[in-house]
Amino acid sequence: MVELSGIQTTMKTALLPARRRAPIPIAICAILATGSWTAAWAAARIRSAEHAGSLAGIEAPGGKILSAADARFLLDRTGYAPDPHETAQYVGLTRAQAVDRLLATTRETPVTPLPAWFDEPIPTPQARRAWTPEERKTAQMTRNRRYQEARAWWVMEMLHTPSPLTERMTLFWHNHFVSGQDKVPWPQTMLAQNLLLRRDALGNFGVMLHQVAKDPAMLQYLDGASNRKGHPNENFAREVMELFTLGEGHYTQKDVTEAARAYTGWGLDGQAQVVWRPGAHDNGLKTVLGKTGNFDGDQVLDLLLARPQTANLVTAKLWREFISDTPDARQAAAMADVFRASGYDIRTVLRAMFLSRAFWAQENKGTLTRSPVDFVIGTVRAFDIACGSARPLVAALNQLGQNLFEPPDVKGWRGGRSWINSSTLLVRERFVEAILRTAGEGQDGRMMRPGPGTQAAMTPATFRPDARPHPAGRGLRFDPARWLAQEHARETGVPDAATRKRIEHSVLATRAAEPIPPGDDGLDLLAALLTDPAYQLK
């Protein structure tokens, strides 16, 4: 087996811009994407968590003043890797002030204009039946292209949003209330669900649960539209209990069967709009979770919300999203109690989580694996990479296993360590390589970002990627000299020890997995950090 230190050196050398180094050999990529690199990533992760354990108390000192490192940590964990300008706005605030500011500045609407076709009506069943085979083929191609445009729209919103936490939570709920392209034929419907999730992303979980249950995309994805009296479809009833609220082991098959009867009557018209059909609803008595009554779907959802297991399940998922892969039972239970007592106010549970000892504990830093969105969007935002098109980013996310609007199944993306395998490692390395190779190619300006309350100055053409993969670096431009200047360093010339340490802390959430040669100049140092296994952690 090739020694990891040798691979790391070769990797760092190969990933420098083409004007300075030769292209990265495919053979080396293959080696990096196998056990050696995976082992190094795992070792970095385990070392960061080796002192993890139960902490006394749930709330950390809210009056502690945030340093630059603290601000970076807060914004990285709750959004996407921040750039120095974003970080500077939180330095000097207390933890409580910073968290309150973070939660107060979230949005309910996007800043990126929606694709022009979003308001286009869906063809009626009568119109679709009249299509010729050629028209059907054209319509399918149009739907596929528009789904790609929808992905590009969301990627651009993630890049330009003044509230990364909003996008993190919208994606979190997209992976909780799963719907996807495979069963939702019209991209207008999926984008409408995205707007619903964004609007309620930090609002009230109970309200969102009721709305999602009657959302057209959800009624299609879990077959709720075909659920009718005498022929109940149990798909939604089962998943709403297992995945959305109670979790496995807290309901019976009889509960599923009875709840399915309650959900009858919700349907869709020919243009995928929700309709209520009284004649399709089962008005008989149902017994769900030990309660008996002439329940409708909303009343059954209220029964689920009344159970403490619902707050426990959602809080545990939020813990795994923001703190660590393994929730602390005592602290998570305390947060779940706060969540339930608030009437399922999402900001309330997030505030308790972001001010908890567990969130700020040193042993939990650098232990979460970056999702593809964290990795791709975070890299572009953190290094202020000019991005003229979303196409390379959409392609990279697809290759990394997180194709937006197309989760793998009803359980969504599993997250955590599942993001790291031989294939995705290779794509991650090539993404970094492509970005570093754009250095010095004559970029003429930083990525434009709208300020709060402004609209992104972009044309609809920006959101028109095709379905073919694109090289990761196409359309991206990185100016390492400008980024290094913010850290008082240059591309050439060896930075002093203090500067090296500052740069390392700006790039990595935990210490580097491999020693970095002390003679590296600024660009070599940056390349080494971006290709270190620790860069995959946050």
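Above this note sits the structure.
Quick caveat, the model's predicted, so the values are computed rather than measured.

1. With respect to the overall build of the protein
Broken down by element type, the protein carries 25 helices and six strands. The proportion of buried residues among the 538 residues of the protein is 56%. Of the contacts formed within the protein by residues at least 6 apart in sequence, a portion of 78% connects residues at least 24 apart. Carbon and sulfur atoms provide 54% of the accessible area of the protein, an area that totals close to 21400 Å².

2. What about the packing of helix H20 (residues 372–382) against helix H22 (residues 422–437)?
Interhelical geometry of H20 versus H22 gives an angle of 10° and a closest axis separation of 12 Å. One way to sum up the angle between H20 and H22 is to call them roughly parallel. Contact with H20, carried on its side by Pro-372, Phe-375, Val-376, Thr-379 and Val-380, involves Arg-428, Phe-431, Val-432 and Ile-435 of H22 and no other residues of that element.

3. A short note on the packing of helix H16 (residues 308–322) against helix H18 (residues 346–354)
Following both chains from N to C, one finds H16 and H18 inclined at 45°, their axes separated by 11 Å at the closest point. As far as their axial angle goes, H18 and H16 are oblique. The handedness of the crossing between H16 and H18 is right-handed. Here H16 contributes Thr-315, Leu-318, Trp-319 and Phe-322 to the contact with H18, which in turn contributes Val-349, Leu-350, Met-353 and Phe-354. Looking at the contact of H16 with H18 residue by residue, the class counts come to seven nonpolar, one polar and no charged.

4. Looking at the environment of Ala-528
Among the structural elements, Ala-528 can be located in helix H25 (residues 522–530). Spatially, the C-alpha atom of Ala-528 lies 7.0 Å from that of Ile-516, the residues being 12 residues apart in sequence.

5. So, the pattern of salt bridges
Charged atoms that come close allow side chains of opposite charge to pair. Throughout the structure, instances matching the rule amount to 20 salt bridges. Across the pair Arg-370 and Asp-76 runs a salt bridge whose closest N-O atoms are separated by 2.8 Å. Note that Arg-370 is positioned in the loop between helix H19 (357–360) and H20 and Asp-76 in helix H4 (residues 68–78), a separation of 294 residues in sequence. Arg-370 sits in the buried class, given a relative accessible area of 4%. In this structure, Lys-538 and Asp-374 form a salt bridge, with 2.6 Å as the shortest nitrogen-oxygen distance. Linking Lys-538 in the segment after H25 with Asp-374 in helix H20, this pair joins segments that are 164 residues apart in sequence. For Asp-374, a relative accessible area of 7% puts it in the buried group. Several salt bridges converge on common partners, so that one network encompasses Arg-168, Glu-321, Asp-374 and Lys-538.

6. What to know about unusual backbone geometry
Most peptide bonds adopt trans geometry, and most residues besides glycine take a negative phi value. Phi is positive for Leu-289, close to 55°, though the residue is something other than glycine. Within the element layout of this structure, Leu-289 appears in the loop between strand E3 (286–288) and strand E4 (291–293). Owing to a relative accessible area of 10%, Leu-289 belongs among the buried residues under this scheme. Even without a glycine there, the phi angle at Tyr-344 is positive, about 70°. Within the secondary structure, Tyr-344 is located in the loop between helix H17 (329–341) and H18. On the basis of relative accessibility, which here comes to 5%, the residue Tyr-344 falls in the buried class.

About the criteria used
- Residues numbered from 1 in each chain as written.
- Predicted model: local features only at pLDDT ≥ 70, side-chain atom pairs only at ≥ 80, totals over all residues.
- Heavy atoms only, no water.
- Helix = DSSP H or I, 4+ residues; strand = E, 2+ residues; numbered from the N terminus.
- Buried < 20%, exposed > 50% of the residue type's maximum accessible area, 1.4 Å probe, protein only.
- Contact = heavy atoms within 4.5 Å.
- Areas by Shrake-Rupley, 256 points an atom, 1.4 Å probe, with all protein chains shown as cover.
- Axes fitted to C-alpha atoms, helices over the stretch in contact; angles between N-to-C directions.
- Parallel < 35°, antiparallel > 145°, perpendicular 65-115°, else oblique.
- Left-handed = near helix turned anticlockwise from the far one by under 90°.
- Nonpolar A, V, L, I, M, F, W, Y, C, P; charged D, E, K, R; others polar.
- Salt bridge = Lys/Arg side-chain N within 4 Å of Asp/Glu carboxyl O.

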